[in-house]
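Now for the letters of each chain:
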Amino acid sequence: MTSAQQIIEAMKVQPTINIEFEIRRRIDFIKNTLVNSGLKNLVLGISGGIDSSTLGKLAQLAINELNEFSDPDISDIEHCPYQFFAVRLPYATQADERDAQNSITFINPSVTLEINVKDSTDSLFNQVESQLAEYSQLTDSHFLKDFTKGNTKARMRMAAQYHIAGLVGGLVLGTDHSAENITGFFTKWGDGACDLIPLFGLNKRQIKQIAAHLGAPIAMVNKTPTADLECLDPGKTDETALGLTYEQIDDFLEGKPVDDFVTDKLVNTYLKTQHKRRPIPTIYD
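Calculation rules
Residues numbered from 1 in each chain as written. Predicted model: local features only at pLDDT ≥ 70, side-chain atom pairs only at ≥ 80, totals over all residues. Heavy atoms only, no water. Buried < 20%, exposed > 50% of the residue type's maximum accessible area, 1.4 Å probe, protein only. Helix = DSSP H or I, 4+ residues; strand = E, 2+ residues; numbered from the N terminus. Pairing = 2+ DSSP bridges. Contact = heavy atoms within 4.5 Å. Expected span 1.5 Å × (residues − 1). Arc of directions from axis to C-beta. UniProt positions renumbered as here; feature names shortened; annotations may be inferred. Polar contact = N/O pair within 3.5 Å; in protein donor to acceptor, adjacent residues only side chain to side chain.

What follows deals with the pairing of strand β1 (residues 41–45). With five of five residues buried, β1 is to be regarded as a mostly interior element. Of the two faces of β1, both are covered, the one formed by N41, V43 and G45 as well as the one formed by L42 and L44. Bridge count between β1 and strand β2 (residues 83–88): five bridges; the pairing is parallel. Of the residues in β2, the one forming a bridge with G45 is V87. Of the strand pairs in this sheet, β1 and strand β4 (residues 170–172) are connected by three bridges, and their pairing is parallel. Bridged to V43 within β4 is V172.

Next up, the structure:
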């Protein structure tokens with residue numbers, strides 16, 4: 001049986017961090033991974049939340065350093081060999097669009113794109129509903145329909161990022177960190193799909209520390225996290241969905257004392273969501 005301590009060790013979170021060291025080694029990780037891939041570009045969806053904002057800033061800093069090393073005299077961004085594509089991926093009109101634009105300003109990316117996923121999501125959703133209805137297999141649960149459509153939004157967003165990466169020759173970044181990874185709080189093959197996850201090993205409060213050190217606006221650092229995937233409950237907070245606060249999750253990951261119900265809930269959630277973290281099973285596993 002997997003113990004709480006084994007889970008903490010698997011998540012790699014340290015009780016305290018040296019912020020400058022963490023920034024440096026994660027920028028270097030991004031740079032080395034990109035260079036070793038033989039590609040020149042990075043792609044990341046920017047939601048306006050602290051995770052994508054922080055990773056976007058780290059990615060752009062990595063790109064800036066690669067360009068500086070490649071040719072210190074380059075001044076025209078369009079001719080830089082390395083570029084970071086920050087991708088806005090709203091479904092229709094995003095309620096916190098101003099936050100997303102503030103993230104773009106903070107990151108100052110090489111390239112900014114906007115791909116609206118509403119038409120593609122709705123088209124697929126409606127076709128699936130129509131086909132299932134013909135065989136009387138369509139659920140009557142509005143909650144389940146809305147929940148699965150939310151996951152489809154996330155997968156359409158990732159499909160868009162990989163389409164961009166394929167066309168420009170790039171790697172797709174993932175924002176998964178240890179406070180998210182331990183709970184499986186991501187869509188399988190949606191925001192959980194990527195080529196590298198530079199924030200892993202950090203919890204939410206440590207990401208906030210890094211963001212603040214990088215100069216993120218205080219409102220961005222303190223913004224209430226939300227996946228915002230469900231139409232029936234727009235803006236539903238992560239903590240409401242999880243039934244735990246990030247303070248509780250972060251304390252657990254740092255090895256601090258937490259209530260028994262926090263430990264029990266995190267261990268049970270971790271075990272139930274293992275399929276999201278493990279490779280696809282075969283008959284040889």
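Further remarks concern the side chain of T187. Checked against the element boundaries, T187 lands in the loop between α7 (178–181) and α8 (204–213). With sequence-adjacent residues up to four places away left out, T187 is seen in contact with N151, A154, R155, G192 and L229.

For helix α12 (residues 260–272), spanning 13 residues, the distance from its first C-alpha to its last is 18 Å, which sits close to the expected 18 Å at 1.5 Å a residue. Taken residue by residue, α12 has V262, L266, V267 and Y270 as its buried positions. The arc that holds the buried residues of α12, viewed along the axis, is 125°, so those residues lie on one side. Away from its buried face, by an angle of more than 90 degrees, α12 presents the exposed residues D260 and K272. Lining the buried residues of α12 we find α1 (4–11), α11 (246–253) and α13 (274–277).

Below, the discussion takes up the UniProt feature "binding site: deamido-NAD(+)" (unreviewed entry) in the protein. According to UniProt, the "binding site: deamido-NAD(+)" (unreviewed entry) feature falls on R155, K188, D195, H275 and K276. Along the polypeptide, R155 turns up in helix α6 (residues 142–168). The class of R155 is partly exposed, set by a relative accessible area of 36%. With near-sequence residues (within four places) excluded, R155 lies in contact with T187, K188, W189 and G190. Among the structural elements, H275 can be located in helix α13. Polar side-chain contacts of H275 include one of 3.1 Å to the side chain of K188.

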